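As a plain string of letters, each chain reads:
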Amino acid sequence: MRSYRHSLKALRDIALANTLEKNPDLASISRELGAIIHRDASVLADGMADLRQRNRGFERWLLGRRGRPGVSVLVMAWPPGYTTPSHDHAGLWGIELSLYGALEVESWSRESTAQAWQLRGRDWLGPGDSTWFDADVPYMHRCRNLSRHETALTLHIYGGDLEDYATYEESESEPYWQSQPQRARIAGPLRV
């Protein structure tokens with residue numbers, strides 16, 4: 001019988017093995033990871049129940065990391081109704097997949113830092129569904145757990161360590177979004 005640790009290890013190993021080039025095929029990686037999540041959804045949900053405790057708050061857990069080229073693999077816990085501020089990813093590419101629960105991802109992009117952010121769209125992610133973004137396009141998004149009662153879990157793969165990033169708040173005057181530098185925190189490692 002497959003355990004959730006075997007599933008997490010498979011997800012981590014696929015993420016690390018398929019990101020050896022500077023611009024990996026994010027769509028193909030997302031499909032491969034999504035197939036494992038679809039197959040093992042109940043095992044992952046049961047095995048990671050402790051991360052879904054209601055009073056833990058938003059947390060980031062390190063599942064794996066590689067130096068060159070830089071890649072980090074994280075699991076995030078989203079409390080019921082939790083919404084992130086609009087934020088960027090410090091120029092990194094990224095993949096985000098739902099492991100448990102449902103997330104809404106509202107995305108913006110812009111041609112250059114001199115131009116205004118343009119709403120690109122919204123994605124709704126259930127277990128195995130994903131969204132991704134490239135490193136070469138200025139990108140920000142806002143994520144929201146759609147449940148008022150359940151903690152959602154997601155898998156994130158980034159083209160480096162997401163330590164410093166910026167959050168954005170809409171304003172009435174140009175440039176219409178004010179940025180604030182932020183520092184990402186990791187709650188700890190996930191052992192597989």
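Look a little higher up for the structure.
First things first, this report covers the structure right here in the doc. (Residues numbered from 1 in each chain as written. Predicted model: local features only at pLDDT ≥ 70, side-chain atom pairs only at ≥ 80, totals over all residues. Heavy atoms only, no water.)

1. Things to note about the packing of aromatic side chains
Each aromatic ring pair is described using two quantities: the centre-to-centre distance and the angle formed by the ring planes.
So, point 1. The final tally for this structure, using the stated rule, is five aromatic pairs.
So, point 2. A centroid spacing of 4.9 Å and a plane angle of 65 degrees characterise the contact between Phe-58 and Trp-78, whose relative ring orientation is edge-to-face. Within this pair, whereas Phe-58 is found in the loop between helix H2 (26–47) and strand E1 (59–66), its partner Trp-78 is found in strand E2 (residues 71–78), the two being separated by 20 residues in sequence.
So, point 3. Overall, Phe-58 belongs to the partly exposed group, its relative accessible area being 30%.
So, point 4. Residues Trp-117 and Tyr-168 carry aromatic rings whose centres are separated by 5.4 Å and whose planes lie at 70 degrees to one another, so their mutual orientation is edge-to-face. In this pair, Trp-117 sits in the loop between strand E5 (103–109) and strand E6 (118–125) while Tyr-168 sits in strand E10 (residues 164–170), placing the two residues 51 residues apart along the sequence.
So, point 5. Members of the aromatic cluster, each reached through a chain of ring pairs, are Phe-58, Trp-78 and Tyr-82.
So, point 6. The residue whose ring lies beneath Arg-52 is Tyr-100, and the NZ or CZ to ring-centre distance is 4.1 Å. (Phe/Tyr/Trp six-rings, centres within 6.5 Å; stacked < 30°, edge-to-face > 60°. Helix = DSSP H or I, 4+ residues; strand = E, 2+ residues; numbered from the N terminus. Buried < 20%, exposed > 50% of the residue type's maximum accessible area, 1.4 Å probe, protein only. Lys NZ or Arg CZ within 6 Å of the ring centre and 35° of its normal.)

2. A closer look at the sheet that holds E2
So, point 1. Across the sheet, six strands lie side by side as E7-E4-E9-E2-E1-E12; this open sheet has mixed pairing. Looking at the sheet topology across the chains shown, the edges are occupied by strand E7 (130–133) and strand E12 (188–189).
So, point 2. Direction of pairing for strand E4 (residues 94–100) relative to strand E9 (residues 152–158): antiparallel, over a ladder of six bridges. Directly across from Gly-94, in E9, lies its bridge partner Tyr-158. (Pairing = 2+ DSSP bridges.)

3. Observations concerning the pattern of salt bridges
So, point 1. By the definition in use, this model includes nine salt bridges.
So, point 2. The residue Arg-122 makes a salt bridge to Glu-106 at a minimum N-O spacing of 2.4 Å. Taken together, the residues Arg-122 in strand E6 and Glu-106 in strand E5 connect sequence positions 16 residues apart.
So, point 3. Residue class for Glu-106 comes out buried when judged on its relative accessible area of 9%.
So, point 4. Between Arg-142 and Glu-106 there is a salt bridge; the shortest N-O distance is 2.5 Å. Taken together, the residues Arg-142 in strand E8 (residues 139–145) and Glu-106 in strand E5 connect sequence positions 36 residues apart. (Salt bridge = Lys/Arg side-chain N within 4 Å of Asp/Glu carboxyl O.)

4. Description of the nonpolar core
So, point 1. In terms of nonpolar packing, the biggest core is built from 27 residues, with Leu-11, Val-75, Leu-99, Leu-155 and Ile-157 touching the most fellow members.
So, point 2. Those elements that provide at least two residues to this core are helix H1 (4–17), H2, E1, E2, E4 and E9.
So, point 3. The biggest single contributor to this core is H2, with six residues.
So, point 4. Not counting residues up to four positions away in its chain, the partners in contact with Ile-157 are Ala-15, Leu-33, Val-71, Ser-72, Val-73, Trp-93, Gly-94, Ile-95 and Leu-97.
So, point 5. By size, the runner-up hydrophobic cluster in this structure holds 14 residues, among which are Leu-74, Val-105, Cys-143 and Ala-152. (Core = buried A, V, L, I, M, F, W, Y, C linked by side-chain atoms within 4.5 Å. Contact = heavy atoms within 4.5 Å.)

5. What about the pairing of E1?
So, point 1. The element E1 is largely enclosed, with a buried count of seven among its eight residues.
So, point 2. As judged from the seven bridges shared by E1 and E2, these two strands associate in the antiparallel manner. Bridging across to E2, Trp-61 finds its partner in Val-75.
So, point 3. Counting the residues between successive antiparallel strands, the hairpin from E1 to E2 contains four residues.
So, point 4. Note: E1 against E12, two bridges, orientation parallel. Each bridged residue has a counterpart across the sheet, and for Leu-62 the counterpart in E12 is Pro-189.

6. Some thoughts on the pairing of E7
So, point 1. Side chains Thr-131 and Phe-133 project from E7 onto a buried face, and the interleaved Ser-130 and Trp-132 project onto a face without burial.
So, point 2. Pairing between E4 and E7: four bridges, direction antiparallel. The partner of Gly-94 across the bridge, within E7, is Phe-133.

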